[in-house]
Amino acid sequence: MTSSTSPPSRPTNDPRREGFGSVLRSEWTKLRTVRGWVIGLVAAAVLCVAFTFVVGHGNQEGGCTGPPPPGSGPNSPGTNCYTGHPFVPTGPNGEAVADSYRLVEQPLSGNGTLTAQVTSLTGLIWTGPANIAPSLAHTKPGLAAWAKAGILVTPSTHQGSPYAAIMATGSHGIRWQYNYTHDRPGLPGAITNSAPRWLRLTRTGDTLTGYDSANGRTWHEIGTANLAGLPASVILGLFVTSPVSFQRSSSGAPTQATATFDHVTLNGRAVSDVRQSHSIGTGSQDYYPTLGTGSAHRPGNTFVLSGSGDIALAVNPLAGGDTASSSLWFGLIAALIVTIVVATMFITVEYRRGLIRTTFTATPQRTSVLVAKAAVIGVVAFVVGALAAAVGVPLGMHVLNGNGNYVFPTTTLTEVRIIAGSGVLLALTAVAVLALGAILRKSASAITTGVLVFALPYLLGQLLSGSAQEWLFRVTPAAGFDVLGVLPHSAQVDYPSTIANGYYPLAPWAGLVVLCAYAALALGTATFLLRRRDA
Amino acid sequence: MTEALRAEWTKLRTLASTGWLLLGAIVLTVGVSAAVAAAVHVTSRTGQDPTKLALTGIYLGQTIPAVLAVLTISEEYGTGMIRTTLTAMPRRFVLLAAKAVNVAGLTFVAGCLAVAGCLLVGRLLLPGAGLDPAHGYALVSISHSSTLRAAVGSVVYLVLVALLSLGVATVVRDTAVSIGVVLAVLYLPPILAQAVSDPLRRHLEQIAPMTAGLAIQATTDLRSLPIAPWAGLGVLAAWAAASLLVGGMLLRLRDA
């Protein structure tokens with residue numbers, strides 16, 4: 001009698017494991033046979049893709065400048081409208097960069113060294129209203145912290161070319177920078193009449209070395225750069241540039257810097273004796289907002305250069321760019337709300353119908369039941385989120401590009417991370433609200449709490465500003481959305497790193513860890529209560 | 001009608017959850033307003049709207065009247081009570097109207113208390129955040145006609161959100177799905193509006209129930225609003241009326 005009760009097809013060597021397998025299978029059967037839930041989960045993915053399309057479609061690049069039309073408010077857009085985005089250069093590693101400056105150069109053949117003394121560095125900040133083009137007419141004195149003046153070597157004056165430069169800055173001392181992202185500090189302190197700085201850049205084959213000195217006799221090497229494939233003839237010269245300042249306005253004010261170079265000496269073979277002055281990346285098609293195109297002249301033995309722009313990573317809001325995830329996040333919130341409803345019902349409906357008692361009679365190990373439910377809903381939600389993102393990310397980028405928007409270049413790895421991250425985001429949220437459902441046992445309270453806790457912080461974060469917003473994306477479940485972050489933070493640029501500009505406060509996976517902690521807390525509490533309470 | 005009203009009132013009154021939900025609505029609304037008023041720190045002399053800031057709690061607090069309204073009908077479907085109810089009161093429009101009046105009445109009372117609490121909190125806390133006459137801002141006071149309009153309008157807003165939710169629940173008939181739908185209808189359009197650019201953003205803010213309805217809270221810079229205050233409340237009223245109408249029709253056409 002007893003031998004005939006166990007089905008012969010099941011292996012029996014590990015009864016506990018076998019037991020969990022069948023719990024898992026019964027929970028999977030429960031999920032897939034409720035038609036409303038399956039429809040809901042499919043709808044979540046479809047909604048996500050549809051909204052990604054809507055958001056991408058609703059973002060038309062372009063804008064309007066000039067005076068507002070008569071009868072509208074003072075903050076209304078102007079009447080001179082345009083479409084399409086300005087040119088954003090791409091750097092040697094495929095990243096978006098700013099490459100706008102004033103250069104006085106002389107081509108160098110083979111190895112050589114250029115030395116110069118920076119005797120002054122001053123600046124101007126644009127103070128005019130937002131709706132007129134920046135010009136030197138409305139300015140006040142002021143030097144941007146990352147205003148740059150120094151010696152630069154590059155194979156080409158095309159924007160986005162590799163380069164290495166030794167420079168004096170507004171308030172970050174002497175710096176050695178190359179290829180837009182690398183930065184090493186040298187002597188600290190600002191340039192003053194009593195404390196001029198000496199700069200030197202040496203080229204030996206593909207290797208470039210930057211030196212600084214306070215007196216022109218004792219030199220300190222700051223750093224070296226290896227620009228592979230540097231041609232025999234390179235452009236070597238003096239440059240000045242000055243970035244947009246966000247000190248006073250969130251939209252930024254262009255600045256200009258003026259530097260005086262003395263004792264400019266070249267050791268090496270110049271291709272020609274003529275020094276040429278270029279304004280790079282300051283045309284009307286270039287994205288970087290500049291205060292004029294700068295100038296260069298030679299009073300006596302000195303060089304005086306004025307320049308505006310930046311040589312660094314491109315940042316929002318200046319580039320005005322979208323990212324691979326910027327049209328996806330809204331669709332994800334919609335999918336999140338649907339997933340929250342289904343995941344909660346996955347357990348609250350059992351309480352409502354009394355099925356939970358049957359479930360616990362069949363499987364008295366209540367933790368196993370909860371874990372099996374969490375595994376089933378987690379895997380399903382992962383698939384929904386990852387599938388939706390796998391369609392949504394390329395679709396969103398395609399639509400944004402088609403609308404004339406600039407989309408920051410991303411690597412395939414980043415796109416894969418966004419797709420997998422979206423799946424994990426949905427999975428962790430589903431597990432957390434399932435646990436919430438087990439704790440509260442009522443659909444109404446569990447869903448309301450689930451939406452308020454897991455979906456609304458993101459909404460509130462969008463509406464708040466500054467530190468409150470950053471705090472929300474660090475410690476609330478909205479931190480999970482940090483996995484959508486694409487734009488790298490840059491320490492060499494001053495810019496408002498807000499969510500609206502596409503900058504998330506945490507590293508992508510760190511955000512998911514925060515969300516994971518919430519899910520674990522909910523699951524732990526649910527396990528504890530499930531074991532102590534009657535069903 | 002009177003008997004239907006009394007029957008529905010008895011059902012609502014005798015549920016323990018009703019009282020807790022209404023209390024929760026007041027506490028959540030005033031609590032969020034107090035937290036925002038305590039956290040905000042204003043440095044600029046213009047651009048802030050003290051009344052709107054004091055009423056921020058409505059933003060989250062509205063979920064609870066919405067849940068109460070949903071539960072009023074969806075729980076009857078969940079427990080099968082709806083069949084008893086319809087046996088006792090076969091005129092289904094009258095039944096829905098009775099539920100609507102009761103939910104609206106309770107939300108009105110809780111809304112009045114919540115809005116009064118918000119304004120009091122604003123009056124007491126906002127001067128500490130730099131929103132005082134010394135910085136060019138008037139104190140929050142019901143004697144200003146625009147603040148009075150915002151206060152009365154916020155109470156009406158809560159009532160209309162509850163009626164909208166009742167209509168949705170009558171259509172959907174399931175507690176969980178109804179709440180999901182109501183929260184999505186309320187909260188998704190404002191997020192979508194943040195994500196897209198004009199003119200789509202402006203149109204969305206004009207027709208979405210929450211953004212249009214909450215225009216009633218603005219007391220400064222009315223020209224920059226996507227929709228005029230009372231017109232915005234009218235949009236929400238249209239949403240509520242439409243959902244009740246569809247709910248009523250379906251209630252009449254379908255078997256319970």
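In this text the structure is predicted, and so the values were computed from the model without any measurement.

### As for the interface of chain A and chain B
Consideration 1: Contact residues are listed per partner, giving 29 residues for chain A and 26 residues for chain B.
Consideration 2: Summing both partners gives a buried area of about 2400 Å² for chain A against chain B, and 75% of it is carried by carbon and sulfur.
Consideration 3: Of all residues in chain A, A:Phe330, A:Arg352 and A:Leu459 give up the largest surface area on contact with chain B, accounting jointly for 21% of the area buried on that side.
Consideration 4: Secondary structure elements with two or more residues in the side of chain A that touches chain B: α3 (35-58), α4 (329-353) and α8 (443-463) of chain A.
Consideration 5: Looking at which element gives the most residues to the side of chain A that touches chain B, the answer is α8(A), with eleven residues.
Consideration 6: Here the residues of the side of chain A that touches chain B are counted per class, giving 18 nonpolar, nine polar and two charged.

### Digging into the domain arrangement of chain A
All names here are of chain A.
Consideration 1: Domain boundaries assigned for chain A yield domain 1 (19-60 + 321-532) and domain 2 (97-313).
Consideration 2: The gap between the C-alpha centroids of domain 1 and domain 2 is 46 Å.
Consideration 3: Listed per partner, the contact involves eight residues of domain 1 and twelve residues of domain 2.
Consideration 4: A buried area of about 740 Å², summed over both sides, lies between domain 1 and domain 2, and 58% of it is on carbon and sulfur atoms.
Consideration 5: On the domain 1 side of the interface with domain 2, the three residues burying the most area are Gln492, Val493 and Asp494, jointly 69% of the side's total.
Consideration 6: For the pair domain 1 and domain 2, the number of links is zero salt bridges.
Consideration 7: Where domain 1 meets domain 2, there are zero residue pairs in polar contact (both at pLDDT 80 or more).
Consideration 8: Along the lines of polarity and charge, the residues of the side of domain 1 that touches domain 2 split into five nonpolar, two polar and one charged.

### Focus: the packing of α4(A) against helix α9 (residues 175-195) of chain B
Consideration 1: At a closest axis distance of 10 Å, the pairing of α4(A) and α9(B) adopts a crossing angle of 165 degrees. Put simply, α4(A) runs roughly antiparallel to α9(B). For the pair α4(A) and α9(B), the sense of crossing is right-handed. Every residue of α9(B) that contacts α4(A) at A:Trp329, A:Phe330, A:Ile333, A:Ala334, A:Ile337, A:Val341, A:Met345 and A:Arg352 is listed here: B:Thr175, B:Ala176, B:Val177, B:Gly180, B:Ala184, B:Leu188, B:Ile191, B:Leu192 and B:Ala195.

### Some points on the environment of A:Ala314
All names here are of chain A.
Consideration 1: When you line up the elements, Ala314 lands in the loop between β18 (311-313) and α4.
Consideration 2: The class for Ala314 is buried, based on a relative accessible area of 8%.
Consideration 3: The spatial distance from the C-alpha of Ala314 to the C-alpha of Ser490 is 9.1 Å, given a sequence separation of 176 residues.
Consideration 4: The residues touching Ala314, leaving out its near neighbours within four places in the chain, are Val88, Ala96, Val97, Ala98, Tyr287, Ala319, Phe408 and Tyr503.

### Thoughts on the pattern of salt bridges
Residue and element names in this part refer to chain B.
Consideration 1: For the coordinates displayed, the defined rule picks out eleven salt bridges over all chains.
Consideration 2: The partner of Lys99 in a salt bridge is Glu8, and the shortest N-O contact between them spans 2.7 Å. Of this pair, Lys99 sits in helix α7 (residues 92-125) while Glu8 sits in helix α1 (residues 2-13), placing them 91 residues apart in sequence. Each member of the pair, Lys99 as well as Glu8, is classed as buried.

### A few points about the state of the cysteines
Residues and elements named next belong to chain B.
Consideration 1: Evaluation of the coordinates by the stated rule reveals zero disulfides over all chains.
Consideration 2: Unpaired in terms of disulfides, Cys118 finds its nearest cysteine sulfur in Cys112, a separation of 12 Å.
Consideration 3: What makes Cys118 buried here is its relative accessible area of 0%.

### A short note on the side chain of B:Glu205
Consideration 1: Counting through the fold element by element, B:Glu205 comes out in helix α10 (residues 200-207).
Consideration 2: Among buried Asp, Glu, Lys and Arg side chains, B:Glu205 stands out as unpaired, with B:Arg201 the closest opposite charge at 5.2 Å.

### Considerations on unusual backbone geometry
All names here are of chain A.
Consideration 1: In the segment running from Asn316 into Pro317, the intervening peptide bond is cis, with an omega of 5 degrees.
Consideration 2: Tracing the backbone shows Pro317 in the loop between β18 and α4.
Consideration 3: For Tyr180, which is not a glycine, the phi torsion comes out positive at approximately 70 degrees.
Consideration 4: You can see Tyr180 is positioned in the loop between β8 (174-178) and β9 (182-185).
Consideration 5: At Arg441, a residue that is not glycine, the phi angle is positive and equals roughly 65 degrees.
Consideration 6: As for its placement among the helices and strands, Arg441 is situated in the loop between α7 (412-440) and α8.
Consideration 7: According to the relative accessible area criterion, Arg441 is partly exposed, its value standing at 27%.

About the criteria used
Positions within a chain are numbered from 1, following the residues in the order the chain's sequence is written. For naming, the first written chain is A and the first written ligand is 1, with later ones following in the order written. The predicted nature of this model means local features are confined to residues of pLDDT at least 70 and side-chain atom pairs, given and counted, to a pLDDT of 80 or more, with totals for whole chains, interfaces and linings taken over all residues. Only hydrogens and water are set aside; all other atoms, that is, all heavy atoms of the structure, feed into the side-chain values. We call two residues in contact whenever any of their non-hydrogen atoms come within 4.5 Å of each other. Note on terms: buried area is the combined drop in 1.4 Å-probe accessible area of two parts once they are placed together, counting the loss on both. Secondary structure is summarised from DSSP: a helix means a run of H or I of at least four residues, a strand means a run of E of at least two, and numbering begins at the N terminus for each. Gly is placed with the polar residues, together with every amino acid not listed as nonpolar (Ala, Val, Leu, Ile, Met, Phe, Trp, Tyr, Cys and Pro) or charged (Asp, Glu, Lys and Arg). The source of the domain bounds is an automatic or database domain assignment. The salt bridge criterion pairs a side-chain nitrogen of Lys or Arg with a carboxyl oxygen of Asp or Glu, the two atoms within 4 Å. Contacts described as polar in this section are N or O atom pairs within 3.5 Å, which, within protein, must combine one atom able to donate a hydrogen with one able to accept it, while residues neighboring in sequence count only if both atoms come from side chains. Throughout, an axis means a line fitted to C-alpha atoms (over the contacting stretch in the case of helices), and angles, computed between N-to-C directions, take values from 0 to 180 degrees. Under this scheme an angle from 65 to 115 degrees is roughly perpendicular, one under 35 degrees roughly parallel, and one over 145 degrees roughly antiparallel; angles in between are oblique. Handedness of a crossing is defined here by the sense of rotation of the near helix relative to the far one, left-handed for an anticlockwise turn of less than a right angle and right-handed for a clockwise turn. Categorising residues by exposure relies on relative accessible area from a 1.4 Å probe, with only protein chains included: less than 20% of the type maximum marks a residue as buried, more than 50% marks it as exposed, and the intermediate range marks it as partly exposed. Disulfides are defined in this document as cysteine sulfur pairs within 2.5 Å. The charge count treats Lys and Arg as positive and Asp and Glu as negative. His and the chain ends do not count.

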